[in-house]
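Here are the chains, one letter per residue:
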Amino acid sequence: MTDRVVYFNGEYVAESAARVSIFDSALMFGDMAFEMTRTFGQQPFGLLAHLDRLYGSLRLLEIDCGLTIEEMEAKTLETLARNQPTEAEDVDWQIMHNVSRGPLPLYATVFDGATEPTVSINCWPLITHMGGFLANYRDGLRLAICAQQAIPAHLMDPKAKTRSRMHYQMAVLQGARLGAGIWPVMLDPDGFLAEGPGWNIFLVKDGVVFSPEPRNCLLGVSRGNVLTLAERLEIPVRQANLGRYEALQADEIFCTSTTYCICHAVEFEGQTVGDGGPGPVFQRLQAAWKEQVGVDFVAQAEDYAQRLAAWREAELAVGVS
Ligand SMILES: Cc1ncc(COP(=O)(O)O)c(C=O)c1O
């Protein structure tokens, strides 16, 4: 058993004991909102932005999780504090919030007659995510459009971050069929770039950063950070309808997500992006990001990649004791 603990419905329990019921609405409908925040230098980055989005998702799903946003923040910080001593001091963390409506009332008798929302907060060392990501920073991403489309906002608004994600999983499966290591880009039903199954996409043309108009994609916290950093660096940004054509003319393409922050693409639909390396706008944004958070996350990925095998071994050894 690992030493990590999880905030689970008002208590702190061992990670292996944090279990969602087979009767939970999360399992029945994918009826769960979630968030993924990371730390830099062991401090959560953009926690309030993530919690704001979580509570926005919960409002859309009509779930009252029973905690105010301030209480959720306090529980989050406590969960992190309880887990930090289980790793070396230079290890950063993923913080995951999962909130479902709880078990379906039909099965209430299994739960002493009352069903409550299922609320969990867990922390996971970023050694695995970042260590495993190193090759992408180094080699750049290869993107291709997949058959699966983004679900448009008039059907189910993607601005809510929910566990109802089969369409993202289909995109991942299709990406793998398009070629080993291909990252799938979903178009919206009008044929415009929407997002990837876990990340936002940006194009750069003639020094201007372009982001898909935020209608049919998640408003990524990292996407928001690109807009902030670009403004600070006086790099012009436009939010627009962008298609396959625009992506093929782009000087640079990059992707953003909470764990790895920002990573450049070297290929789109089998064609080389720019000169096939990290472009100048991307490099300025990445440097500003590292400075902003006080962590060189690429160097961190290199460090974690070296420690990953030993970390896994230690984790497994604890697991059997
Ligand atoms: C569908 C989707 N788009 C974009 C993102 C990037 O969002 P963020 O930058 O907040 O991590 C995510 C993150 O999980 C996602 O699931």
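Undergrad: Quick question: what am I supposed to make of the pairing of strand S2 (residues 11–14) here?
TA: For a regular strand, side-chain orientation follows a simple rule: the groups alternate between the two sheet faces. Judged from the 4 bridges that link them, strand S1 (residues 5–8) and S2 form a sheet pairing that is antiparallel. Within the sheet, the bridge partner assigned to Val6 lies in S2 and is Val13. Taking the residues that link successive antiparallel strands as the turn, the S1-S2 hairpin has 2 residues, and the phi of Asn9 there is positive, at about 50°.

Undergrad: Teacher, can you tell me more about the site of the ligand here?
TA: Close to the ligand lie 16 residues, the nearest being Lys161, Arg165, Glu195, Ser222 and Thr258. Interatomic distance of 2.7 Å between a side-chain N/O atom of Glu195 and a nitrogen atom of the ligand. Compared with its free state, where it exposes 390 Å², the ligand has 96% of that area covered by protein. More than half of the atoms of the ligand fall within 2 Å of the grid points belonging to the largest pocket. At the level of secondary structure, the elements contributing two or more residues to the shell around the ligand comprise helix H2 (47–61) and helix H6 (221–232).

Undergrad: I would appreciate a short explanation of the domain arrangement of the protein in the present structure.
TA: Often the size quoted for an interface is simply the accessible area lost on bringing the parts together. Considered domain by domain, the protein is made up of domain 1 (5–125) and domain 2 (133–294). Taking the mean C-alpha position of each, domain 1 and domain 2 sit 27 Å from one another. Facing 19 residues of domain 1, the contacting portion of domain 2 comprises 19 residues. Overall, the association of domain 1 and domain 2 removes approximately 1,600 Å² of surface from exposure, summing both partners, and the carbon and sulfur fraction of that is 68%. The largest share of the area that domain 1 buries against domain 2 comes from Phe34, Phe45 and Arg53, three residues that together contribute 37% of it. For the pair domain 1 and domain 2, the number of links is 0 salt bridges.

Undergrad: Help me out: how do you make sense of the side chain of Arg4 in this one?
TA: Here Arg4 shows up in the segment before S1. On the basis of relative accessible area, Arg4 is assigned to the buried category, the value being 3%. Engagement of the side chain of Arg4 in a polar contact is seen with the side chain of Glu15, the distance being 2.6 Å. Within polar-contact distance, the side chain of Arg4 engages the side chain of Glu315 at 2.4 Å. Not counting the four nearest positions on each side in its chain, Arg4 is found in contact with Val13, Ala14, Glu15, Asn83, Thr86, Glu87, Trp93, Cys123, Trp124, Pro125, Trp311 and Glu315.

Undergrad: Just to check I follow, could you spell out the packing of aromatic side chains for this structure?
TA: In this description, an aromatic ring pair is defined by two values, namely the gap between the centres and the angle between the planes. What the rule picks out here adds up to 15 aromatic pairs. A centroid spacing of 5.5 Å and a plane angle of 80° characterise the contact between Phe40 and Phe45, whose relative ring orientation is edge-to-face. Using a relative accessible area of 6% as the deciding quantity, one classes Phe40 as buried. By relative accessible area, Phe45 is classed as partly exposed at 23%. With centroids separated by 6.2 Å and ring planes inclined at 65°, the aromatic side chains of Phe133 and Trp183 adopt a geometry described as edge-to-face. Taken together, the residues Phe133 in helix H4 (residues 127–139) and Trp183 in strand S8 (residues 182–187) connect sequence positions 50 residues apart. Classification of Phe133 by relative accessible area gives buried; the value is 7%. Here a set of aromatic residues connected by ring pairs shows up, and it is made of Phe40, Phe45, Phe133, Tyr137, Trp183, Trp199, Tyr260, Trp289 and Phe297. Above the face of the Tyr12 ring, Arg82 is positioned so that its terminal group lies 3.9 Å from the ring centre.

Undergrad: Where do I start with the nonpolar core in this structure?
TA: Generally speaking, nonpolar side chains in soluble globular proteins are found buried as a group. Of all hydrophobic cores here, the largest spans 53 residues; its most connected members are Leu143, Ile253, Leu285 and Phe297. Not counting residues up to four positions away in its chain, the partners in contact with Leu143 are Ile182, Trp183, Val185, Trp199, Ile201, Ile253, Cys255, Ala265, Glu267, Phe268 and Glu269. With 19 residues, the next largest nonpolar core counts Ala33, Tyr55, Val119 and Cys123 among its residues.

Quick notes on the rules
Residues numbered from 1 in each chain as written. Predicted model: local features only at pLDDT ≥ 70, side-chain atom pairs only at ≥ 80, totals over all residues. Heavy atoms only, no water. Pairing = 2+ DSSP bridges. Helix = DSSP H or I, 4+ residues; strand = E, 2+ residues; numbered from the N terminus. Near = heavy atom within 4 Å. Polar contact = N/O pair within 3.5 Å; in protein donor to acceptor, adjacent residues only side chain to side chain. Areas by Shrake-Rupley, 256 points an atom, 1.4 Å probe, with all protein chains shown as cover. 1 Å grid on protein atoms, 1.4 Å probe; cavity = no way out; pocket = protein on both sides within 12 Å on 5 of 7 lines; lining within 4 Å. Sits in = over half its atoms within 2 Å of the grid points. Domains from an automatic or database assignment. Contact = heavy atoms within 4.5 Å. Buried area = accessible area lost by both parts, 1.4 Å probe. Salt bridge = Lys/Arg side-chain N within 4 Å of Asp/Glu carboxyl O. Buried < 20%, exposed > 50% of the residue type's maximum accessible area, 1.4 Å probe, protein only. Phe/Tyr/Trp six-rings, centres within 6.5 Å; stacked < 30°, edge-to-face > 60°. Lys NZ or Arg CZ within 6 Å of the ring centre and 35° of its normal. Core = buried A, V, L, I, M, F, W, Y, C linked by side-chain atoms within 4.5 Å.

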